[in-house]
Amino acid sequence: MTTKLNTGPIRATTILSVRKDGRAVMAADGQVTLGETIMKHKANKIRTMYDDQVVVGFAGAAADAFNLFERLEGKLEQYKGNLVRAAVELAKDWRTDRILRKLEALLLAMDQEHTLIISGTGDVIEPDEAAAAIGSGGPYALSAARAMIAHSALDAVAIAREAMMIAASICLYTNEEIHIQEIQQGETHD
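Residues numbered from 1 in each chain as written. Predicted model: local features only at pLDDT ≥ 70, side-chain atom pairs only at ≥ 80, totals over all residues. Heavy atoms only, no water.

## Thoughts on the overall build of the chain
When helices and strands are tallied, the chain shows four helices and 12 strands. Residue burial in the chain is summarised as follows: out of 190 residues, 48% are buried. Expressed as a percentage of contacts within the chain between residues at least 6 apart in sequence, the contacts between residues at least 24 apart total 63%. (Helix = DSSP H or I, 4+ residues; strand = E, 2+ residues; numbered from the N terminus. Buried < 20%, exposed > 50% of the residue type's maximum accessible area, 1.4 Å probe, protein only. Contact = heavy atoms within 4.5 Å.)

## Structural notes on the packing of helix 1 (residues 62-78) against helix 2 (residues 83-96)
A packed helix pair is summarised by two numbers, namely the angle formed by the two axes and the spacing between the axes. At a closest axis distance of 8 Å, the pairing of helix 1 and helix 2 adopts a crossing angle of 130°. For the element pair helix 1 / helix 2, the angle class is oblique. Judged by the twist between their axes, the crossing of helix 1 over helix 2 is right-handed. Side by side, helix 1 and helix 2 meet where Leu68, Arg71, Leu72, Lys75 and Leu76 of the first sit next to Leu83, Ala86, Ala87, Glu89, Leu90, Asp93 and Trp94 of the second. Of the residues in the contact of helix 1 with helix 2, the class split is eight nonpolar, no polar and four charged. (Axes fitted to C-alpha atoms, helices over the stretch in contact; angles between N-to-C directions. Parallel < 35°, antiparallel > 145°, perpendicular 65-115°, else oblique. Left-handed = near helix turned anticlockwise from the far one by under 90°. Nonpolar A, V, L, I, M, F, W, Y, C, P; charged D, E, K, R; others polar.)

## Considerations on the side chain of asparagine 175
Tracing the backbone through its elements, the reader meets asparagine 175 in the loop between helix 4 (156-170) and strand 11 (179-184). In terms of polar contacts, asparagine 175 uses its side chain to reach the backbone amide nitrogen of glutamine 31, at 3.5 Å. A distance of 2.8 Å separates a polar atom in the side chain of asparagine 175 from the backbone oxygen of histidine 41. Not counting the four nearest positions on each side in its chain, asparagine 175 is found in contact with Asp29, Gly30, Gln31, His41 and Ala168. (Polar contact = N/O pair within 3.5 Å; in protein donor to acceptor, adjacent residues only side chain to side chain.)

## Details of the sheet that holds strand 9 (residues 124-125)
The antiparallel open sheet is built from five strands, whose spatial order is 5-6-7-8-9. Edge strands, defined here as strands with exactly one partner in the open sheet, are strand 5 (46-49) and strand 9. One ladder, built from six bridges, connects strand 6 (residues 54-60) with strand 7 (residues 105-110); its direction is antiparallel. Opposite valine 56, over in strand 7, you have alanine 109 as the bridge partner. (Pairing = 2+ DSSP bridges.)

## With respect to the packing of helix 3 (residues 138-151) against helix 4
Where helix 3 contacts helix 4, the two axes come as close as 8 Å, and the packing angle between them is 145°. By crossing handedness, the relation of helix 3 to helix 4 is classed as right-handed. On helix 4, the residues that touch Tyr140, Ala141, Ala144, Ala145, Met148 and Ile149 of helix 3 are Ile159, Glu162, Ala163, Met164, Ile166, Ala167 and Ile170. For the contact of helix 3 with helix 4, the residue count by class is 12 nonpolar, no polar and one charged.

## A short note on the pattern of salt bridges
Enumeration according to the criterion identifies six salt bridges in this entry. Close ionic contact of lysine 75 with aspartate 93 constitutes a salt bridge, the shortest N to O distance being 2.8 Å. Of this pair, lysine 75 sits in helix 1 while aspartate 93 sits in helix 2, and the two are 18 residues apart along the sequence. Assessed through its relative accessible area of 14%, lysine 75 is described here as buried. Accessibility expressed as a relative area gives 28% for aspartate 93, which makes it partly exposed. We note a salt bridge from glutamate 89 to lysine 92, for which the minimum N-O separation is 3.3 Å. One end of the pair, glutamate 89, and the other, lysine 92, are both in helix 2, three residues apart, so they sit about a helical turn from each other. (Salt bridge = Lys/Arg side-chain N within 4 Å of Asp/Glu carboxyl O.)

## Description of the confidence of the model for the chain
Where the model shows low pLDDT, its predicted coordinates should not be examined in detail. Here the chain averages 87 in pLDDT, and 87% of its residues register 70 or above. Every residue in residues 186-190 scores below 50 in pLDDT, and together they form 19 contacts with partners more than four places removed in sequence or on other chains. (pLDDT = per-residue confidence, 0-100.)

## Points about the nonpolar core
Met49, Val54, Val56, Leu72, Leu76, Leu107 and Ile118 are the most contacted members of the largest nonpolar core, which totals 21 residues. Secondary-structure elements contributing two or more residues to this core are strand 6, helix 1, helix 2, strand 7 and strand 8 (115-119). Take this core: its biggest share by element is six residues, from helix 2. Not counting chain neighbours up to four residues away, the residues in contact with valine 56 comprise Met26, Lys45, Ile46, Arg47, Met49, Phe69, Leu72, Leu107, Leu108 and Ala109. (Core = buried A, V, L, I, M, F, W, Y, C linked by side-chain atoms within 4.5 Å.)

This is the structure in structure tokens:
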């Protein structure tokens, strides 16, 4: 089964998750653009949820992402922190609700056990690899992270930082103001 994510209008960011040696890390750049203009350099595109047990990053329209953050947080509360169930229920709502269907964003969510990409077309994808990424710089960061996971002794935080710096050197919509959030043993560390 082939799934195509509609990532046409979703650019202007890079969100990356990395898992290595029991550590779960999410990184995001800080650049906000409007068309071809940089509007902000140090935006935080990552949020923690459910008593800091879930980290979520977004690519796409910020207002749409905040709407989805709130809805995902509600689903996490409803399903007692079960990220997979909450994501599936959010994706169902996103796909069937007339207002939600117009939202242009992708979410990358992770807890200690799962990493999920959630799209507005109803997709909930759990990548097979130890890294996942969304946004315009996502493919660059993902490639770099996969190589470092396989061929370096760097830890998850260092891999995320280096992969994001590589993406920033290639993608016009990604900057070097990197924010990293780690989940470790039920707690997050910035």
